[in-house]
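Each chain, letter by letter, is given below.
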Amino acid sequence: MSLSTPSPDLQLSSDSPPLMYAHRADDAEGWAAEHRDAVRAVVAEHGCVVVRGLGLTDPGTTGAVFRQAAGALMADREPFAPRRTYPDGVYSATKWPPNQPMCMHHELSYCLEFPGLLQFACLEASAHGGATGLADARAVLRALPAGLTERFEREGWILARTYHEEIGASVAEAFGTDDMEAVADYCRGHAIGFGPQKDGSLRTRQRRSAVVRHPRDGAPVWFNQIAFLSEWTMEPEVREYLVDEYGPEGLPFNTLYGNGDPIEEDVVRTLNEVYEERTVRTRWQPGDLLLVDNLRTAHSREPFDGPREVLVGLADPVRLADCAPTVEAAAG
């Protein structure tokens, strides 16, 4: 995160995201409307900002604040895990085992249209753990081995998914319907290869660019979910169970090089190490609001104990085609 002279209400640090104080728990929506431009300017400069003091406690107020900060909210499509849906485009955080980390990723980076802005609101902070990590995708790209990034720029990456009823997002949760004709139409229209299986599951593959350019300034960014959705980021015992249960081709998700070759375990380890070296963390307080430039900044979630409730809003849709992808989106 770049540093500059902070305003009286903005604190900057090299080891945490920018922090802005609102002091308006009595009228969070009004504060968000009044300070929209200032908040968005911080996100544009630093890639993210935490707003503290809004006192967010419920989905209704949170949704109103989300819309003041970003206008209309997007629907979630093709999620890799289920969410709870609230009215007016507000979602729960992804349902992911609390004892397992959610590694660095960019939301919906495998879609042809994805959110340019993410908003997170903490209604209840966990007693231990649960911090959200943030990493500058420009710095990550610069730090990765040149030979590795050159291959991914040349070939892109493939997301391979198998939809089971027992684990991960279901077909209906991912595509908004369980009508297989409608799902097939969606896949054909969104450059996704698909194939129903004899056991009733559905397999899909989609090739996407691993490096894109930010539509605002043209800066190249490492924008994908290669590490997070890899089999090598799973806990070993979880991976072994899933392979035993469904076979290596039937994992709920996995990532490949753009030519279909498997990605080596040491490559995924390198990606996660580079992310970790460039991660800053926000340790949630109840009522906090976090805004993230989804192209410039990757995000993660640490394991946690106890109750934790974070709501999410997706906004500012961006088309992959407008980000100078290095490979053409295609069914994998």
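Cut-offs used in this document
- Residues numbered from 1 in each chain as written.
- Predicted model: local features only at pLDDT ≥ 70, side-chain atom pairs only at ≥ 80, totals over all residues.
- Heavy atoms only, no water.
- Helix = DSSP H or I, 4+ residues; strand = E, 2+ residues; numbered from the N terminus.
- Rg over C-alpha atoms; globule rule 2.2 N^0.38 Å.
- Buried < 20%, exposed > 50% of the residue type's maximum accessible area, 1.4 Å probe, protein only.
- Contact = heavy atoms within 4.5 Å.
- Areas by Shrake-Rupley, 256 points an atom, 1.4 Å probe, with all protein chains shown as cover.
- Lys, Arg positive; Asp, Glu negative; His and termini not counted.
- Charge placed at Lys NZ, Arg CZ, Asp CG, Glu CD.
- Core = buried A, V, L, I, M, F, W, Y, C linked by side-chain atoms within 4.5 Å.
- Pairing = 2+ DSSP bridges.
- Salt bridge = Lys/Arg side-chain N within 4 Å of Asp/Glu carboxyl O.
- Phe/Tyr/Trp six-rings, centres within 6.5 Å; stacked < 30°, edge-to-face > 60°.

Student: I'd like a rundown of the overall build of the protein, residues and numbers included.
Tutor: Counting its secondary structure elements, the protein contains nine helices and 21 strands. Relative to a compact globule of 332 residues, whose C-alpha radius of gyration would be 20 Å, the protein shows 19 Å and is just as compact. Burial status across the protein gives 53% buried among its 332 residues. In the protein, 79% of the contacts between residues at least 6 apart in sequence involve partners at least 24 apart. Carbon and sulfur atoms form 48% of the exposed surface of the protein, whose accessible area is close to 14,200 Å². Across the protein, 31 positive and 50 negative side-chain charges occur, with their mean positions spaced 3 Å apart.

Student: Residue-level account of the nonpolar core, with values.
Tutor: Counting 60 residues, the largest nonpolar core has Phe152 and Trp222 as the members making the most contacts within it. Broken down by element, the residue count for this core peaks at five residues, all from helix α9 (residues 265-277). Filtering out sequence-adjacent residues up to four positions away, tryptophan 222 remains in contact with His106, Ala137, Val140, Leu141, Leu144, Thr149, Phe152, Ala210, Val211, Leu271 and Tyr275. Core analysis: the next-biggest nonpolar cluster, separate from the first, contains 27 residues, Val49, Phe66, Ala70 and Leu291 among them.

Student: Lay out the pairing of strand β1 (residues 10-13) in plain terms, naming residues and giving numbers.
Tutor: Bridging between β1 and strand β2 (residues 16-21) involves three bridges; their strand directions are antiparallel. The residue bridging glutamine 11 from the neighbouring strand is leucine 19, located in β2. Connecting the antiparallel pair β1 and β2 is a turn made up of two residues.

Student: Provide a residue-level description of the pattern of salt bridges, including the pertinent values.
Tutor: The tally for this structure, following the rule as stated, stands at 17 salt bridges. For aspartate 316, the salt bridge identified is with arginine 40, shortest N-O distance 2.4 Å. One end of the pair, aspartate 316, is in strand β20 (residues 309-319); the other, arginine 40, is in helix α2 (residues 36-46), and 276 residues separate them in sequence. Residue class for aspartate 316 comes out partly exposed when judged on its relative accessible area of 24%. Residue arginine 40 is classed as partly exposed on the basis of its relative accessible area of 22%. Close ionic contact of arginine 281 with glutamate 302 constitutes a salt bridge, the shortest N to O distance being 2.3 Å. Of this pair, arginine 281 sits in strand β16 (residues 279-282) while glutamate 302 sits in the loop between β18 (297-301) and β19 (304-305), placing them 21 residues apart in sequence. One continuous salt-bridge network, built from bridges that share partners, spans Glu276, Arg281, Arg283 and Glu302.

Student: So what about unusual backbone geometry? Which residues, and what values?
Tutor: At glutamate 78, a residue that is not glycine, the phi angle is positive and equals roughly 60 degrees. If you trace the backbone, glutamate 78 turns up in the loop between α3 (59-70) and β4 (85-86). Using a relative accessible area of 2% as the deciding quantity, one classes glutamate 78 as buried. Notably, alanine 324 is not glycine yet its phi reads approximately 50 degrees, a positive angle. Mapped onto the secondary structure, alanine 324 falls in the loop between β20 and β21 (330-331).

Student: How would you sum up the packing of aromatic side chains? Please name residues and give values.
Tutor: Two aromatic rings are characterised by how far apart their centres lie and by the angle between their planes. Counted by the stated rule, this structure contains nine aromatic pairs. With a centroid separation of 5.8 Å and an interplanar angle of 85 degrees, the aromatic rings of phenylalanine 80 and tryptophan 96 are classed as edge-to-face. With phenylalanine 80 in the loop between α3 and β4 and tryptophan 96 in the loop between β5 (90-92) and β6 (102-105), the pair connects residues that are 16 residues apart, well separated along the chain. Take phenylalanine 80 and tryptophan 96: they sit in the same class, and that class is buried.

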